[in-house]
Amino acid sequence: MSIHPAFELVRDESIAEINSQAQLFRHKKTGAEVLSLVNDDENKVFGVTLKTPPDDSTGIAHILEHSVLCGSRKYPVKKPFVELLKGSMHTFLNAMTFPDKTAYPVASANLKDFYNLVDVYLDAVFFPLLTEDTFAQEGWHYELDSLDAPLVYKGVVFNEMKGVFSSPDSVMHDQTQRALYPDTIYGLSSGGDPKDIPALTYEQFKRFHTKFYHPSNARVVFFGR
Ligand SMILES: [Zn+2]
């Protein structure tokens, strides 16, 4: 096997438990880690994950997760994610925010479709458009139905988290985790607390992307045959 000159092989071993040959590569210029797990699974899986520790409970990482999938340099359409959901042969397609990281995994059994998914996702993660409109739409904005109506907050993540915070089970889970780890990032609400979300500004949001969405902070995995 020849290695791409931009990468160096760090480790190479077979893992019997998952019937895989595991090779860990490092991108020489940026330090990005790429793990290749070769096995006979018919699915081809790709994931790019970034460390995204937040400073507060504004849901900054969660709003960014939604927003990068709203158009990128190579794919400047409004909702590439929705287009992929409708049109690709994916066997898995999603993105998720954790208290300490954000993950973008895709899978397909078709090689051509798979590489297309990888291309759309990599472009979304590293070159998103992140317009102010996207921030307002996915994060939060004011809405006024009529002149005498009250001014209200709206936004995809704002509404989603209002839903989450209306479920007793979710509130209990959130409060338990926050109480157990009060002085760490696990003491924050990574999804966003609806009462904190409107404190987030577009500038903070853009800065968060610049700071964490860099290959040097990325872990990439390929899995399958
Ligand atoms: Zn969400």
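Here's a quick rundown of the structure. (Residues numbered from 1 in each chain as written. Predicted model: local features only at pLDDT ≥ 70, side-chain atom pairs only at ≥ 80, totals over all residues. Heavy atoms only, no water.)

Focus on the environment of Lys28
Counted only if it meets this: Only DSSP runs of H or I covering at least 4 residues are called helices, and only runs of E covering at least 2 are called strands; the numbering of each starts at the N terminus. Relative accessibility thresholds used throughout: buried, under 20% of the residue-type maximum; exposed, over 50%; partly exposed, between the two (1.4 Å probe, protein chains only). Working rule for contacts: check all heavy atoms of both residues, and any pair within 4.5 Å makes them a contact.
Summarising the element assignment, Lys28 is placed in the loop between strand 2 (20–27) and strand 3 (33–38). Lys28 sits in the partly exposed class, given a relative accessible area of 44%. Along the backbone, Lys28 and Lys206 are 178 residues apart, and their C-alpha atoms lie at a distance of 27 Å. With near-sequence residues (within four places) excluded, Lys28 lies in contact with Pro5, Ala6, Phe7 and Glu8.

Remarks on helix 7 (residues 202–212)
For the record, the criterion: As used here, the arc is the angular range of directions from the helix axis to the C-beta atoms.
Where helix 7 is concerned, the buried positions are Tyr202, Phe205, Phe208, His209 and Phe212. The arc that holds the buried residues of helix 7, viewed along the axis, is 125 degrees, so those residues lie on one side. Exposed residues on helix 7 whose side chains face more than 90 degrees from its buried face are Arg207, Thr210 and Lys211. Residues of helix 7 that are buried sit in contact with strand 4 (44–51), helix 1 (60–68), helix 3 (111–126) and helix 4 (132–138).

Overview of the nonpolar core
Put simply, the rule is: Take the buried residues of types Ala, Val, Leu, Ile, Met, Phe, Trp, Tyr and Cys, join any two whose side-chain atoms come within 4.5 Å, and each joined set is a nonpolar core.
Grouped together as the largest cluster of nonpolar side chains are 40 residues, with contacts concentrated most on Phe46, Val48, Leu69, Tyr104, Tyr121 and Tyr213. Only strand 4, helix 1, helix 2 (80–87), strand 7 (101–108), helix 3, helix 5 (156–164), helix 7 and strand 10 (218–224) provide two or more residues apiece to this core. Among the elements that line this core, the one with the most residues is helix 3, at eight residues. Among residues more than four places away in sequence, those in contact with Leu69 are Lys79, Pro80, Phe81, Ala95, Tyr104, Tyr121 and Ala124.

Some words on the pattern of salt bridges
Quick note on the threshold: Salt bridge, as used here: a side-chain nitrogen of Lys or Arg that lies within 4 Å of a carboxyl oxygen of Asp or Glu.
For the structure on display, the rule yields 11 salt bridges. We note a salt bridge from Lys101 to Asp100, for which the minimum N-O separation is 3.5 Å. Classification of Lys101 by relative accessible area gives partly exposed; the value is 31%. Given a relative accessible area of 21%, Asp100 falls into the partly exposed group. A salt bridge links Asp174 to Arg178; its shortest N-O distance comes to 2.9 Å. With Asp174 and Arg178 both in helix 6 (residues 168–180) and four residues apart, the pair spans about one turn of that helix. The buried category is assigned to Arg178, whose relative accessible area is 16%. Within the structure, one salt-bridge network assembled from shared partners comprises Asp174, Arg178, Asp193 and Lys195.

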